[in-house]
Amino acid sequence: MRPFHLRLPPTLDSVTALQDALEAWSDEAGLPMPVAMRLALVAEEVAANVANHATGASYFEFGAKVESEGIRLSLVDDGPEYDPLAHAAPDTEAPLEDRDPGGLGIHLVRTMTRGAAYARESGLNRLTCTLPVEG
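Now for a look at the structure at hand. Because the structure is a prediction, the values reported are computed rather than measured. (Residues numbered from 1 in each chain as written. Predicted model: local features only at pLDDT ≥ 70, side-chain atom pairs only at ≥ 80, totals over all residues. Heavy atoms only, no water.)

1. A closer look at the overall build of the protein
Looking only at helices and strands, the protein features three helices and five strands. Residues classed as buried in the protein amount to 37% of the 135 residues present. Long-range pairs, those at least 24 residues apart, make up 61% of the contacts in the protein between residues at least 6 apart in sequence. If you sum the accessible surface of the protein, you get close to 7500 Å²; carbon and sulfur atoms cover 54% of it. (Helix = DSSP H or I, 4+ residues; strand = E, 2+ residues; numbered from the N terminus. Buried < 20%, exposed > 50% of the residue type's maximum accessible area, 1.4 Å probe, protein only. Contact = heavy atoms within 4.5 Å. Areas by Shrake-Rupley, 256 points an atom, 1.4 Å probe, with all protein chains shown as cover.)

2. Observations concerning helix H1 (residues 12-29)
Relative to the 26 Å expected for 18 residues at 1.5 Å per residue, H1 spans 26 Å between its end C-alpha atoms, a close match to the ideal helical length. All of the buried residues in H1 are Ser14, Val15, Leu18, Leu22, Trp25 and Ser26. Down the axis of H1, the sector holding all buried residues measures 110°, keeping them to one side. Residues Asp13, Glu23 and Asp27 are exposed on H1 and point more than 90 degrees away from its buried face. Those residues of H1 hidden inside the fold are in contact with strand E1 (4-8), helix H2 (33-53), strand E2 (60-67) and strand E3 (70-77). Directly after H1, the chain includes Gly30, whose backbone phi takes a positive value near 70°. (Expected span 1.5 Å × (residues − 1). Arc of directions from axis to C-beta.)

3. Let's talk about the environment of Leu108
Structurally, the position occupied by Leu108 is in helix H3 (residues 104-112). Apart from residues lying up to four places away in sequence, Leu108 is in contact with Leu41 and Glu45.

4. Description of the pairing of E2
Of the strand pairs in this sheet, E1 and E2 are connected by five bridges, and their pairing is antiparallel. In the sheet register, Arg7 faces E2, and the bridge partner there is Glu61. Note that E2 and E3 share eight bridges and pair antiparallel. Across the sheet, residue Phe62 finds its bridge partner in E3, namely Leu75. Hairpin connection from E2 to E3: two residues lie between these consecutive antiparallel strands. (Pairing = 2+ DSSP bridges.)

5. Some points on the sheet that holds E2
Taken in spatial order, the five strands make up an open sheet running E1-E2-E3-E5-E4, and their pairing is antiparallel. The open sheet has two edge strands with one neighbour each: E1 and strand E4 (114-121). Here the strands of the sheet are splayed against their neighbours by 10° on average, with no regard to which way each runs. Relative to strand E5 (residues 124-131), E4 is paired through six bridges, and the arrangement is antiparallel. Across the sheet, Ala117 pairs through a bridge with Thr128, a residue of E5. Together, E1, E2 and E3 form the strand contacts of H1, whose direction differs from that of E1 by roughly 165°. Its contacts with the sheet place H2 against E2, E3 and E5, and it is angled at close to 15° to E3. (Axes fitted to C-alpha atoms, helices over the stretch in contact; angles between N-to-C directions.)

6. Focus on the nonpolar core
Leu18, Leu22, Trp25, Leu39, Phe62, Ile71 and Leu73 are the most contacted members of the largest nonpolar core, which has 32 residues in total. Every element with two or more residues in this core is listed here: E1, H1, H2, E2, E3, H3 and E5. With nine residues, the top contributor of residues to this core is H2. Sequence-distant contacts of Ile71, that is, excluding residues within four places in its chain, are made with Trp25, Leu31, Val35, Ala64, Lys65, Val66, Cys129, Thr130, Leu131 and Val133. (Core = buried A, V, L, I, M, F, W, Y, C linked by side-chain atoms within 4.5 Å.)

Structural data, given as structure tokens:
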């Protein structure tokens, strides 16, 4: 299966374009619907994070590659340094009025993937993780 790679400007319209392209790739790859849906959700969360918060970024790149342990995902952007994994997981048991806003997107990414890692290299943010394909 060919790897997926798409480079787009960091806009909400690009998040939609990414979703459409990933849906076609998932169909071509024959991914089971639950896996394709998790892939779409993870991609949407990380790309929307860049589109909404990476002021000054000129692009993001999303990649996916089927490997033996799952689908290896990567997101690269040229925005300001930001490690989304550095923040504590939100307390999802707390009443809504007691919670700080935000943080649920990366919480979803952490719970739906394995081995999430962040690095700042050559002026770029790099987020990688693996999406399990079982189930």
